[in-house]
Amino acid sequence: MAQYSPEIERSHITRLPDVNFDNLVFGEQFSDHQYELLYHEDTWGSPRIIPYGPIPVFPAVTTLHYGQAVFEGMKAFRYRDGRINIFRLEDHYNRFVRSCERLCIPPVPRPFFVEGIKTLIDIDREWVPRSKYKSLYIRPIVFASDQTLGLRRSRSYRFHILCGPVGDYYSEGIKPIRLTTMPQYVRAVQGGVGDVKVPGNYAASLKPTLEAQEKGYTQVLWLDAREHRFVEEVGSMNIFFVIDDVLVTPPLNGTILPGITRSCVLELALLKGLRVDERPVSIDELIGLHGSGSLSEIFGSGTAAVISPVGHIHHQGRTITILSKEMGPVARWFYDQITAVHHGEIPDEKSWCTII
Ligand code: COI
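Residues numbered from 1 in each chain as written. Predicted model: local features only at pLDDT ≥ 70, side-chain atom pairs only at ≥ 80, totals over all residues. Heavy atoms only, no water.

What follows concerns the layout of surface pockets. The volume enclosed by the largest pocket comes to roughly 890 Å³. What lines the largest pocket is a set of 44 residues, among which Phe26, Arg139, Tyr169, Tyr202 and Ser236 lie closest to the centre. When residues of the lining of the largest pocket are traced back to their parent elements, those giving at least two are strand 8 (135-144), strand 9 (157-166), helix 4 (199-204), helix 5 (206-214), helix 6 (260-272) and strand 15 (295-302). Looking at the lining of the largest pocket element by element, the count peaks at four residues for strand 9. (1 Å grid on protein atoms, 1.4 Å probe; cavity = no way out; pocket = protein on both sides within 12 Å on 5 of 7 lines; lining within 4 Å. Points joined across faces, edges and corners; volume = space filled by probe spheres on them. Helix = DSSP H or I, 4+ residues; strand = E, 2+ residues; numbered from the N terminus.)

Tallying each qualifying case throughout the model produces three cavities of 30 Å³ or more. The space that makes up the largest cavity amounts to roughly 140 Å³. Along the walls of the largest cavity sit 18 residues, with Asp168, Ala304, Ala305, Val306 and Tyr335 positioned nearest its centre. Every element with two or more residues in the lining of the largest cavity is listed here: strand 6 (74-78), strand 16 (306-315) and helix 8 (329-342). The class makeup of the residues in the lining of the largest cavity is 10 nonpolar, six polar and two charged. The residue makeup of the lining of the largest cavity includes at least three contributed by each of domain 1 (7-167) and domain 2 (177-342). Of the voids in this model, the second largest cavity is the one considered here, and its volume is about 100 Å³. (Nonpolar A, V, L, I, M, F, W, Y, C, P; charged D, E, K, R; others polar. Domains from an automatic or database assignment.)

This part covers the environment of Asn238. Relative to the assigned elements, Asn238 resides in strand 12 (residues 238-243). If we skip the residues at most four places from it in the chain, Asn238 touches Glu233, Ile256, Leu257, Gly259, Arg262, Phe299, Gly300 and Ser301. Of the polar contacts made by the side chain of Asn238, one reaches the backbone oxygen of Leu257; its length is 3.0 Å. (Contact = heavy atoms within 4.5 Å. Polar contact = N/O pair within 3.5 Å; in protein donor to acceptor, adjacent residues only side chain to side chain.)

When you line up the elements, Arg95 lands in helix 2 (residues 89-102). Setting aside anything within four residues of it in sequence, one finds Arg95 in contact with Glu72, Gly73, Lys197, Leu257, Pro258, Gly259 and Ile260.

Judged by nonpolar contacts, the single largest core of 40 residues is most densely connected at Phe113, Ile121 and Phe159. Every element with two or more residues in this core is listed here: strand 2 (33-40), strand 6, strand 7 (84-87), helix 2, helix 3 (110-123), strand 8 and strand 9. For Phe113, the contacting residues outside a window of four places in its chain are Met74, Leu89, Tyr93, Phe96, Val108, Pro140, Phe159 and Ile161. Counting residues in each nonpolar core, the second largest holds 25 residues, with Leu223, Leu295, Ile298 and Val310 among its members. (Core = buried A, V, L, I, M, F, W, Y, C linked by side-chain atoms within 4.5 Å. Buried < 20%, exposed > 50% of the residue type's maximum accessible area, 1.4 Å probe, protein only.)

Keep in mind these numbers describe shape, not what the thing actually does.
Here's what the structure looks like:
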């Protein structure tokens, strides 16, 4: 394996002056540089940091036809003293490796991923927003680059890391969003790829999400594929319920993405002394608990979304409406804690932060 010693080609110009940091639309701005690493003949080559721009891809690359690709999403935050925190870098690497294994992609060696991100963010550090609740979103992506229409594991791959400044993920900001179930569609099945970060999961969610949005909902609340009863996740987020002062979330049963922010919430809940129950929750149970007054809050967690309150859930003509105007106290507590760690305002007791 080559040593981690990236070749660096700096961009002659910066697009930074064109960016309005007060009005960031998620995923629309990209920093000046990207990281590139190629895999050929059983080895990862030498990493390069190059200006952000187009990459050579032939129309026959297998990714475009059969979707052999994996991505990650993480964030870097600025502390008040100017240092930069890459949040839960190792955890994202570990999930990336799991996703690669499921898709038969040779995992990028740890230093080429971890150090690559550090070098890229350091070079583009001016792109990390200075205000609280904003961040530099980091998107590693690996994809098959063999040219063949034969359905087989690729022998060559491209790994890229790109990044760009972001604010809130949803246009609602941190106001409660509206969810609906779509029992005629499913997101993931046991033994499938719902628990790894592959583009196809997101592509398959587009049509149901569009239909949900046409009816005035923000996102789909996915139900299990077998009985269409048990709540799984939101696609861009994991989901939590506060039921009689217990924090309840569906267990990671093979069809749910193991969210890194989900794990932050669970670890912080223990610190707070909040009881946690990872258990199956049916949509009918939720409707009943809402009716009896036991369900007091619903919120989602995700890297892009951080903590997002849910104000409505619609399911086959019935609606749960709860704290529809503002974030509830439990969600607010997690939001405040997580964003305080992001920006270095409270100690990093769990060693979640990589400082550069
Ligand atoms: C993330 O939260 O980082 C994701 O990858 C979800 C994506 C829909 C933005």
